[in-house]
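As a plain string of letters, each chain reads:
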Amino acid sequence: MQSEDGALPVRSFIGLGSNLDRPAHQVRTALTALEGLPGCRLLRQSRLYRTPPLGPPGQSDYVNAVALLETWLAPLELLDRLQEIEWRQGRIRNGGHWGPRTLDLDLLLYGEQRLADPRLCLPHPQLRYRAFVLVPLADIAEGDLPIPGAGRLDELLRGCDPAGIEAL
Ligand code: A4P
Ligand code: MG
């Protein structure tokens, strides 16, 4: 499919995470919202995983998943749409950086684009280190998926520690 101006879509992976207010429900609701996003098509979604929290101690476990979109939106437009979904789902930030949240949507990859905008870094700078992202990503991507600046998905998976991560 092409947009009216003939532009081709880009494949973009989105990371979903929640550890407040029925996390699995938050993630499923967000997947439904991604399915309805204008200018996008939801192509694949990973299983949902329960994952140990990274960040300040005392947080509950997270539920994480990854979705693959085909999108005609520019990267910053897509980020705006993701942040609208976060706010619609009542994102509460009461734990500071890396603290608990009802919904976090991270733009992990936008094709093979690299970007260092004040509002958007691509690929997501933490992607390469995080088993709670790499494990669900591997559900829906090939091992040779390029992560610009970091290598291939299968190499990164070998270097991460999946301890405590369980499919729901
Ligand atoms: N921003 C820049 N690049 C991006 C990108 N690629 N995708 C900017 C999304 N946003 C991006 O993010 C702050 C700003 O980053 C945004 O306004 C956007 O312009 P935020 O999500 O509002 O703030 P934050 O979440 O507190 O910080 P940060 O660094 O984004 O945290 P993360 O990386 O999202 O990590 N443990 C487990 N098990 N599972 C999790 O999902 N998540 C976090 C949060 C911590 N621990 C976790 C999990
Ligand atoms: Mg975030």
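Just above, that's the structure.
For clarity, every value in this text was computed on a predicted model and none was experimentally measured.

Chemist: Just checking my understanding: could you explain the nonpolar core for this structure?
Modeler: A general trend in soluble globular proteins is that nonpolar side chains are found buried together. Core analysis: the largest hydrophobic core is formed by 26 residues, its most contacted members being I14, L16, L34, L78, I85, L105 and L107. Listed by contribution, the elements that provide at least two residues to this core are β1 (10–18), α1 (23–35), β4 (62–71), α2 (75–88), β5 (104–110) and β7 (120–122). The greatest single-element share of this core, amounting to 6 residues, is contributed by α1. In contact with L34, other than residues within four places in its own chain, are I14, L16, A67, L69, L82 and I85. By size, the runner-up hydrophobic cluster in this structure holds 21 residues, among which are L109, A131, V133 and I165.

Chemist: What should I look at first to understand the coordination of the magnesium ion (ligand 2) in this one?
Modeler: Around a metal, the idealised angle for a tetrahedral arrangement of four donor atoms is 109.5 degrees; for an octahedral arrangement of six donor atoms it is 90 or 180 degrees. Taken together, D104 (OD) and D106 (OD) make up the full set of protein donors to the magnesium ion (ligand 2), lying 2.4 to 2.5 Å away. Exposure class is identical for D104 and D106. Each is buried.

Chemist: How should I be thinking about helix α3 (residues 131–140) in this particular structure?
Modeler: Residues separated by three or four positions in an α-helix point in the same direction, a consequence of the helix having 3.6 residues per turn. Taken across its 10 residues, α3 has 8 buried, putting it largely inside the fold. Burial in α3 covers these residues: A131, F132, V133, L134, V135, P136, L137 and I140.

How each quantity is defined
Residues numbered from 1 in each chain as written. Chains lettered and ligands numbered in written order. Predicted model: local features only at pLDDT ≥ 70, side-chain atom pairs only at ≥ 80, totals over all residues. Heavy atoms only, no water. Core = buried A, V, L, I, M, F, W, Y, C linked by side-chain atoms within 4.5 Å. Buried < 20%, exposed > 50% of the residue type's maximum accessible area, 1.4 Å probe, protein only. Helix = DSSP H or I, 4+ residues; strand = E, 2+ residues; numbered from the N terminus. Contact = heavy atoms within 4.5 Å. Donors = N, O, S within 2.8 Å, 3.2 Å for Na, K, Ca; no water.

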